[in-house]
Amino acid sequence: MTKFVFITGGVVSSLGKGIAAASLGALLESRGLKVTVIKMDPYLNMDPGTMSPFQHGEVFVTEDGAETDLDLGHYERFIATRMSRINNFTTGQIYDSVIRKERKGQYLGKTVQVVPHITNEIQDFIFRGAKISHDDEAEVAIVEVGGTVGDIESLPFLEAIRQMALRLGDSMTCYVHLTLVPFLASAGELKTKPTQHSVQRLREIGILPNLILCRADRFIPDDERKKISLFCNVREEAVISVYDVDSIYRIPRILCEQRVDDLICRSLNLSLPEADLSIWDDLLAKFSNTSRIVKIAMVGKYVELRESYKSLNEALTHAGIHRQAKVTVDYIDSEMIQSVGTSKLTEFDAILVPGGFGERGIEGKIEAISFARLNKIPFLGICLGMQLAVVEFARNVAKMPLANSTEFDAKTGFPVIALINEWTRIDGEKERRHLSSDKGGTMRLGNQKIKIKPDSLAFKIYGETTLERHRHRYECNNILLPKLEAAGLIFSGFTEKDSLVEVIEFCQNQHPWFMGVQFHPEFKSNPRASHPLFLSFIEAALRRAEGLSNISGSQLKTKKLFKGTHETSRL
Ligand code: GLN
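Please read all numbers here as calculations on a predicted model, not as lab measurements.

Chemist: Lay out the environment of Val143 with the relevant residues and their values.
Modeler: Mapping Val143 onto the fold places it in strand β8 (residues 140–145). When the C-alpha atoms of Val143 and Asp261 are compared, they prove to be 16 Å apart, with 118 residues separating the residues in sequence.

Laid out in structure tokens, this is it:
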């Protein structure tokens, strides 16, 4: 039967609870355990799919097409088990399930209450999430409770996990609390009081942590650890110092050095072989040995950029580690390009336009793509980035004036990117798009098989077929493909089922590396092996950085190109 490690957070949010859960997963896995991780989110939305990326950060997409919390991305990067829709649930889903049962009369006339009905439902969802396939379950499931102890929203989750110790009996549960130990410069000291108060809140609820992971910007000395131990009623060896490090992939090692795995195994009564962290140590050795630097410009909407592209940043870092290069990513606001032009882009070895929604900054992204095309700068367009590369090519090479995606100009005469039911509306005919009024899950989501054309750059990277994850609504318009192909755009990947465009590229003797992909390769990149597409992109950027590129733009061209008429407006 699955044993459970619960992770709660205290003092402040954004302490890296997800990374702590994932690192703990990696550490337990290195002792031979079958591990999974579950994230419980205490908000009422059914999933983060409809939430603003500015508020919520990246929406991570699982193989089975669930739109989930970005922490699931960390879990997949640290442990072997693949995440699916059962690994993340919200208060919204719990209440939805309970209310549906109530309407069906399944509670037999009882008063339906938070305790026990909501808390039982939470426990059922936790047990469901402990499965790693339909007939196999994890030996240890790590359950991360979203939010901070003391929040009203997370109380039912805390109550549910408290009850689980009672329900499952001895050695089946272990509680880990992650807190902040701030350094006060004015006092020149690390302060333990916030941790003491946060653990008090937890104990009021009835949870006594087995371990406290203390986040600090430095190593926490024994005196402070002793104090935390005494005031929080946790053994001193179980007060762990989780200090700032240069790479998140160092955390499993830091936890192991302080014997966190032994402490957890002891409380769960597991006797296992010693931890083997050699894959992580090898990775860190490569990470520390990066002699080369490659500079990437990520062009998007400024506010969204940092938190929204967690997986993408990680994927670039992974490729860098495996090519002994330090990848630096500069976030370039596409609205800035719209007002001051592309000159800033001359500093970079490669340009990347990531996925996104909404029309703000679109024309700036298109200008950045023109710049990469004309100046032979390695370019990768992901999802929206690919769609805009098609728009750019249509306007500036294939002579389709005002070509656009119908997402941004519903009346364009050349809807090179459109919802499938809009494909035939070429040249002015009016047809409104039929989006379901339910805004959740109305996209092409999750894993789909892609067939790759031989003799293409994509074929060099992937071979004949690949599986990649998706999250988008608009598709490249197949009716206009012949015109684009005739002008020189190569469509090198299609979905196996419906022949939808998945990959575009340029002829390899015309541009050193130019590719757009409708899918999101970043969701599949793993630090241990990297991802072939990102490896190839970083190699191309390195060739440019080191002056080895065989094709180069004669002179950097920053001329103003043909622009869409659509006024950019705020989202
Ligand atoms: N907005 C585009 C679409 O819905 C692209 C989405 C994305 O980049 N994830 O098709």
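There's more to say after this.
Chemist: Which residues make up the environment of Ser288, and what are the values?
Modeler: If you trace the backbone, Ser288 turns up in helix α11 (residues 278–288). For Ser288 and Phe89, which are 199 residues apart along the polypeptide, the C-alpha to C-alpha distance reads 37 Å. Within polar-contact distance, the side chain of Ser288 engages the backbone oxygen of Leu284 at 2.8 Å.

Chemist: Explain the sheet that holds strand β2 (residues 35–41) to me, using residue names and the numbers behind them.
Modeler: Read across the open sheet, the seven strands follow the order β5-β2-β8-β1-β9-β12-β13; overall the sheet is parallel. With partners counted over all chains shown, the strands left at the sheet margins are β5 (88–90) and β13 (239–243), one partner each. On average, each strand axis in the sheet is inclined to that of its neighbour by 20°, with strand direction left out of account. Relative to β5, β2 runs parallel, the two sharing three bridges. Of the residues in β5, the one forming a bridge with Lys39 is Asn88.

Chemist: Quick one: what's the story with the sheet that holds strand β19 (residues 415–418), residue by residue and with numbers?
Modeler: Pairing is mixed in the open sheet, where three strands are placed in the order β18-β19-β22. Unpaired on one side and paired on the other, β18 (404–405) and β22 (475–476) mark the two borders of the sheet. Looking at chain direction, β19 and β22 are connected through two bridges and run antiparallel. Among the inter-strand pairings, Ala418 is bridged to a residue of β22, identified as Glu475.

Chemist: Run through the site of the ligand, naming residues and quoting values.
Modeler: Near the ligand the following residues occur: Gly355, Gly356, Phe357, Cys383, Leu384, Gln387, Glu407, Arg471, His472, Arg473, Tyr474 and His520. The contact in question runs from an oxygen atom of the ligand to an N or O atom on the backbone of Gly356, over 2.8 Å. In the model, an oxygen atom of the ligand is placed 2.8 Å from a nitrogen or oxygen of the Tyr474 main chain. For the ligand, whose accessible area on its own is 300 Å², the fraction buried by protein is 99%. The residue inventory of the shell around the ligand, partitioned by class, reads four nonpolar, five polar and three charged.

Chemist: Just give me the short version of unusual backbone geometry, but keep the residues and values in it.
Modeler: Residue Pro116 is reached from Val115 by a cis peptide bond, and omega for that bond is 10°. Unusually for a residue other than glycine, Lys399 sits at a positive phi of about 55°. Residue position: Lys399 is located in the loop between α16 (384–396) and β18. Residue class for Lys399 comes out exposed when judged on its relative accessible area of 68%. With phi around 55°, Ser499 is a residue other than glycine that occupies positive phi space. Tracing the sequence through the fold places Ser499 in the loop between β23 (490–495) and β24 (501–505).

Chemist: With reference to specific residues and values, describe helix α8 (residues 222–232).
Modeler: For α8, the complete set of buried residues consists of Glu224, Arg225, Ile228, Ser229 and Cys232. Along the long axis of α8, the arc covered by the buried residues comes to 140°, so they all point the same way. In α8, the exposed positions that point more than 90 degrees away from the buried face belong to Asp223 and Leu230. Residues of α8 that are buried sit in contact with β11 (189–190), α7 (193–205), β12 (211–216) and β13. Asn233 sits one or two positions beyond α8 and adopts a positive phi of about 65°.

Chemist: Before we move on, could you go through the nonpolar core and cite the residues and values that matter?
Modeler: Formed by 56 residues in total, the largest nonpolar core has its most connected members in Val5, Leu24, Ile142, Leu211, Leu213, Leu255 and Ile264. Sort the elements by how many residues they give to this core and helix α1 (residues 17–29) lands first, with eight residues. Discounting residues that sit within four places of it in the chain, Val5 has contacts with Leu24, Val140, Ala141, Ile142, Val143, Cys174, Val176, Ile264 and Leu268. Counting residues in each nonpolar core, the second largest holds 44 residues, with Met386, Leu388, Leu484 and Phe514 among its members.

Chemist: Which residues make up the pairing of β12, and what values go with them?
Modeler: Of all six residues in β12, six are buried; the element is thus mostly enclosed. Because side chains alternate across β12, one face comprises the buried residues Leu211, Leu213 and Arg215, and the other comprises Ile212, Cys214 and Ala216, equally buried. The sheet contact formed by strand β9 (residues 173–180) and β12 spans five bridges and is parallel. Opposite Val176, over in β12, you have Leu211 as the bridge partner. Of the strand pairs in this sheet, β12 and β13 are connected by five bridges, and their pairing is parallel. When the sheet's bridge partners are listed, Arg215 is paired in β13 with Val242. As a crossover connection, the stretch from β12 through α8 into β13 is right-handed.

Basis of the calculations
Residues numbered from 1 in each chain as written. Predicted model: local features only at pLDDT ≥ 70, side-chain atom pairs only at ≥ 80, totals over all residues. Heavy atoms only, no water. Helix = DSSP H or I, 4+ residues; strand = E, 2+ residues; numbered from the N terminus. Polar contact = N/O pair within 3.5 Å; in protein donor to acceptor, adjacent residues only side chain to side chain. Pairing = 2+ DSSP bridges. Axes fitted to C-alpha atoms, helices over the stretch in contact; angles between N-to-C directions. Near = heavy atom within 4 Å. Areas by Shrake-Rupley, 256 points an atom, 1.4 Å probe, with all protein chains shown as cover. Nonpolar A, V, L, I, M, F, W, Y, C, P; charged D, E, K, R; others polar. Buried < 20%, exposed > 50% of the residue type's maximum accessible area, 1.4 Å probe, protein only. Arc of directions from axis to C-beta. Contact = heavy atoms within 4.5 Å. Core = buried A, V, L, I, M, F, W, Y, C linked by side-chain atoms within 4.5 Å. Right-handed = clockwise from strand over helix to strand, strands pointing away.

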